[in-house]
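# A structural walkthrough
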Amino acid sequence: MSFRVPVYFSPDYVLARHEFDTTRKASWVYESLAAAPIAGIEVRAPEPLTAAGLGEVHDPEYVEAVRCGEPRELAESQGFAWDPALWAMVRASNGGAVAAARAALVEGTAGSLSSGLHHARRRHGAGNCTFNGLALAARAGLQAGAGEVLVLDLDAHCGGGTHSLLADDPRVWQVDVSVDDYDAYEASERWTLDLVRRADDYLPTVQERLAALESAAPRFSLCIYNAGMDLHERSGDGALAGITAEVLAARERLVFEWCRRRGTAVAFVLAGGYISATLDRAELVGLHRLTLAAACG
């Protein structure tokens, strides 16, 4: 069965001068959709977040530093060289994550071609993440009437930034299945963290964590899905031998089918995925298209 899936993108997602996959690949995926559409995907432009909107989870002094570039150390705390276009870029890309959460509650499934989100803290950026669009999207979902929100983080790396921002909110749960311990945190009943070291254990771990939620957790109104492709065996940082495109395609089907079966709205973003000496741009885009295809059923 096919669905209409709003997917948010703006050219502003790639405005910053800093050249890195996280600041460029949204446009590569968008261009691929123009050249080879996926049935059901409907690209929409998001409203950029305001400084006040970003202040829902981030310290106003940090927001101002990213806007104006001073203090420079704070403005560049995510690891990007600052330029004035960075402000427009992160307002747009995080606005897309928030728009996807709101749209998902109405239409069932939505997404944004955003990435570089889950390591950002309240007072600074980290790990190529300026603002935490997952936390912002979860807050927006709660404000729009979601009763309980699940953050499903399947990036190669741990989502410690999201944990630092939302772990105290009893309405938010996180399932985090990672293959690299960067940004690890102390797990709990609502914030599980698995570090998988063998490819054969990866899909069973994801499946077991989702199955465990069937009885132990509330009926989630909304799932915020951080769909990382950086664990692919030929990606850059985070790669795990034995994680192939077929494994990742099966994971995407598992996630979206789980949400549909439970009647849980799902809003996805692209998360990690990097060109390497053995993974070119077309292949990276193909991996991210697995998420888009699975979202459409």
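Here, every reference points to the structure presented above.
In this text, all values refer to a predicted model and were calculated from it rather than measured experimentally.

### Some points on the nonpolar core
If you look at the biggest cluster of nonpolar residues, it comprises 100 residues, and the most contacted ones within it are Leu 113, Phe 131, Tyr 202, Leu 222, Ile 224, Tyr 225 and Leu 292. Examining the composition of this core, we find that 12 residues originate from one element, helix α5 (residues 85-107), more than from any other. Contact partners of Leu 292, with chain neighbours within four places excluded, come to Val 7, Val 29, Leu 33, Ile 38, Ile 41, Leu 113 and Phe 268.

### Section: the pattern of salt bridges
Summed over the entire model, instances satisfying the criterion amount to 18 salt bridges. Among the ionic pairs, Arg 171 bridges to Asp 169, the shortest N-O distance being 2.9 Å. Under the relative-accessibility criterion, Arg 171 is labelled partly exposed at 36%. Residue classification places Asp 169 among the buried residues on the basis of a relative accessible area of 9%. The network of salt bridges with common partners includes Arg 4, Glu 42, Arg 44 and Glu 107.

### A look at the pairing of strand β7 (residues 222-226)
Of all 5 residues in β7, 5 are buried, a share of seventy percent or more. Of the two faces of β7, the one lined by Leu 222, Ile 224 and Asn 226 and the one lined by Cys 223 and Tyr 225 are each fully buried. Inspection of the sheet shows strand β4 (residues 149-153) paired to β7 by 5 bridges, in the parallel sense. Bridge assignment links Asp 153 to a residue of β7, and that residue is Asn 226. The pairing of β7 with strand β8 (residues 265-269) spans 5 bridges and is parallel. Considered in β8, the bridge of Asn 226 is made with Val 269. You can see the chain leave β7, run along helix α9 (residues 245-262) and come back into β8, and the turn it takes is right-handed.

### A short note on the pairing of strand β1 (residues 5-8)
Judged by which residues are buried, β1 turns out to be covered on both faces: Val 5 and Val 7 on one side and Pro 6 and Tyr 8 on the other are all buried. The pairing of β1 with strand β2 (residues 41-44) spans 4 bridges and is classified as parallel. By the bridge assignment, Tyr 8 is partnered in β2 with Arg 44. On the question of chirality, the crossover connecting β1 to the parallel β2 by way of helix α1 (residues 21-35) is right-handed.

Rules behind the numbers
- By convention here, each chain's residues receive numbers from 1 onward along its written sequence.
- Local features in this predicted model are restricted to residues whose pLDDT is 70 or higher, and side-chain atom pairs enter the listing and the counts only when it is 80 or higher, whereas totals over whole chains, interfaces and linings include all residues.
- Calculated side-chain values reflect all of the structure's heavy atoms, with hydrogen atoms and water omitted.
- Put simply, a nonpolar core is a bunch of buried Ala, Val, Leu, Ile, Met, Phe, Trp, Tyr and Cys residues held in one set by side-chain atoms that sit within 4.5 Å of each other.
- Each residue is assigned to one of three classes by its accessible area relative to the maximum for its type, calculated with a 1.4 Å probe on protein chains only: buried under 20%, partly exposed between the two thresholds, exposed over 50%.
- In this description a helix means any DSSP run of H or I spanning at least four residues, a strand means any run of E spanning at least two, and both kinds are numbered starting from the N terminus.
- What makes two residues a contact is simply this: any of their non-hydrogen atoms within 4.5 Å.
- Salt bridges are defined by distance alone: a side-chain nitrogen of Lys or Arg within 4 Å of a carboxyl oxygen of Asp or Glu.
- When DSSP finds two or more bridges between a pair of strands, those strands are recorded as paired.
- A clockwise path from the first strand over the helix to the second, with the strands pointing away from the viewer, defines a right-handed crossover.

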